[in-house]
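Take a look at the letters that make up each chain.
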Amino acid sequence: MKEIALEIPVCIIAAALIMVVHELTKSIVYLCVRKMQGQAASHNNSIFAVWRYIDPLGLLLSATCFVPFSKPHLFRIRDKKTNMILGVAGFITLLALFVLSIAVLKTGCLGMGALFSAGGMAARITSIFWQYMAILSFDMFIANMFPVSTFDMGLVIAGFSARHYLQIIKADSAIKLIFILALMFDIIHYGCIRLLRLLL
C-alpha cells in the first residue's frame, strides 16, 4: 500500500512534466518557424502558460494505463510544412525524453549516480521518477503514432496531404475506438515493458 501511495504521485508528476515538455517544445518550434517565414504567430494565449498543456484525462490514463497524452496548444496552421515540422518535433521530443531517462537509469548521468548509490527515500523516489519518465515518454511516443487529428501523427499526415488529413478526421471515431481498445488490452504498455527489459 505504501508503495502505491508513493508511486502514483511520482507517476502523475512525471506525466505532467512530459506533457509540458512535449507541447512547449512544439509551441516554441511553431514560433520559430513562423518567425523564419516572416509571419506573425497566430495564437491567443501565451505558450508559456504550461498548465494548459496538462490534460486531466491524460493524467488519469498515466496512473492507470501508463499511456499519457497532452493537450495541444490550438494554433491555426495553414501550410503543410509547418504541420510536418511540428509533428516530427513532437516525436523527436518524446524520443529524446526516453533516451535521456534510459541514460540516467543506466549510467547515473546528470549527477543522479551519487544519489542512487546514497540510498534512502530520496534515492528511491528519484529512481521511480526516472523509470516513469522512460515508461511514459515511450508509451506517449507510441500513442502519438495513432492517426488522431490532434496527435503528432495527425500533424505529420496534415503535412503530407490535406486529403489524407480529411480522411482521418472523418474516421476519427473509429481511430479513437481502436486507440481505446489498445489501452484496454494493455498493448502499448506491454511493448514498452518488453523494450525496457532489453535496455536495462
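Structure: see above.
Presented here is a report on the structure given in the accompanying data block. Every chain is numbered on its own, with residues counted from 1 as its sequence reads. The model is predicted, so local features are restricted to residues of pLDDT at least 70 and side-chain atom pairs to those at 80 or more, both for listing and for counting; the totals for chains, interfaces and linings are taken over all residues. As a rule here, side-chain values come from all non-hydrogen atoms in the structure, and water together with hydrogens is ignored.

1. Points about the pattern of salt bridges
Phase 1: We define a salt bridge as a side-chain nitrogen of Lys or Arg found within 4 Å of a carboxyl oxygen belonging to Asp or Glu. Applying the stated rule across the entire model yields 3 salt bridges.
Phase 2: The salt bridge involving E23 is made with K26; its shortest N-O contact spans 3.6 Å. With a gap of 3 residues between them, E23 and K26 both fall in helix α1 (residues 2-36), about one helical turn apart.
Phase 3: We note a salt bridge from K26 to D152, for which the minimum N-O separation is 2.8 Å. Taken together, the positions of K26 in helix α1 and D152 in helix α6 (residues 152-160) put the pair 126 residues apart, joining distant regions of the chain.
Phase 4: The buried label applies to any residue whose accessible area, calculated with a 1.4 Å probe on protein chains only, is under 20% of its type's maximum; exposed applies above 50%, and partly exposed to all values in between. Using a relative accessible area of 0% as the deciding quantity, one classes D152 as buried.
Phase 5: One continuous salt-bridge network, built from bridges that share partners, spans E23, K26 and D152. Secondary structure elements are taken from DSSP: a helix is a run of H or I of four residues or more, a strand is a run of E of two residues or more, and numbering for both begins at the N terminus.

2. Some thoughts on a nonpolar patch on the surface
Phase 1: Every patch collects residues that have over 30% relative accessible area and no salt bridge, joining them within 9 Å if they carry like charges and within 5 Å if they are nonpolar side chains (Val, Leu, Ile, Met, Phe, Trp, Tyr). Note on areas: Shrake-Rupley, 1.4 Å probe, and residue coverage restricted to the protein chains presented here. A cluster of nonpolar side chains, contributed by L177, I180, L181, M184, F185 and I187, occupies part of the molecular surface with about 650 Å² of accessible area.
Phase 2: The biggest single contributor to the nonpolar patch is helix α8 (residues 172-184), with 4 residues.

3. Let's talk about the environment of G159
Phase 1: If you trace the backbone, G159 turns up in helix α6.
Phase 2: With relative accessibility at 12%, the residue G159 sits in the buried group.
Phase 3: As for G159 and D79, which are separated by 80 residues in sequence, their C-alpha atoms are 7.5 Å apart.

4. Structural notes on the nonpolar core
Phase 1: Membership of the largest hydrophobic core comes to 23 residues, with the highest contact counts inside it found for A14, I18, F129, W130, Y132, M133 and L136.
Phase 2: Discounting chain neighbours no more than four positions away, the residues touching A14 are F129, Y132, M133 and L136.
Phase 3: Working definition of a nonpolar core: buried Ala, Val, Leu, Ile, Met, Phe, Trp, Tyr and Cys residues. They are joined through side-chain atoms within 4.5 Å. Judged by nonpolar contacts, the second largest core, of 15 residues, contains F69, F179, L183 and I188. It only takes one pair of heavy atoms within 4.5 Å for two residues to be counted as in contact.

5. Notes on helix α5 (residues 120-143)
One turn of an α-helix holds 3.6 residues; hence residues three or four places apart share an orientation.
Phase 1: Taking 1.5 Å per residue as the helical rise, α5 with its 24 residues ought to reach 34 Å, and the 34 Å between its terminal C-alpha atoms agrees with that figure.
Phase 2: The buried count for α5 comes to 17 of 24 residues, which makes it a mostly enclosed element. A helix is expected to span 1.5 Å multiplied by its residue count minus one.

6. What about the side chain of D172?
Phase 1: Note on placement: D172 falls in helix α8.
Phase 2: Contact partners of D172, with chain neighbours within four places excluded, come to V148 and S149.

7. A short note on the packing of aromatic side chains
Phase 1: Stacked, edge-to-face and tilted labels apply to pairs of Phe, Tyr and Trp rings (six-membered ring for Trp) whose centres lie within 6.5 Å, assigned for plane angles under 30 degrees, over 60, and everything in between, in that order. Tallied over the entire structure, the rule returns 7 aromatic pairs.
Phase 2: Ring centres of F151 and F179 lie 5.7 Å apart, and the angle between their planes is 80°; on these two criteria the pair is classed as edge-to-face. On the criterion of sequence distance, the pair formed by F151 in the loop between α5 and α6 and F179 in helix α8 is long-range, its members being 28 residues apart. Accessibility assignment for this pair places F151 and F179 in one class, buried.
Phase 3: The structure contains a cluster of three or more aromatic residues connected by ring pairs, namely F69, F146, F151 and F179.

8. Notes on the packing of helix α3 (residues 80-107) against helix α9 (residues 187-199)
When two helices pack together, you describe them by how their axes are tilted relative to each other and by the distance separating the axes.
Phase 1: An axis is simply a line fitted to the C-alpha atoms; with a helix, the fit covers only the stretch in contact. Between two such axes, the angle follows the N-to-C directions and lies from 0 to 180 degrees. One can describe the packing of α3 onto α9 by two numbers: an axis separation of 11 Å at closest approach and a directional angle of 40°. Overall, the two elements α3 and α9 adopt an arrangement that is oblique. The chirality of how α3 crosses α9 is right-handed. Counted together, F98, I102 and K106 of α3 and L195, L196 and L199 of α9 form the full contact between these two elements.
Phase 2: All residues other than Ala, Val, Leu, Ile, Met, Phe, Trp, Tyr, Cys, Pro, Asp, Glu, Lys and Arg, Gly among them, are scored as polar; the first ten of these are nonpolar and the last four charged. A class-by-class count of the residues in the contact of α3 with α9 yields 5 nonpolar, no polar and 1 charged. Note that the term roughly parallel is reserved for angles under 35 degrees, roughly antiparallel for angles over 145, roughly perpendicular for angles of 65 to 115, and oblique for everything else. Here a crossing is taken to be left-handed if its near helix is turned anticlockwise relative to the far helix by less than a right angle, and right-handed if that turn runs clockwise.

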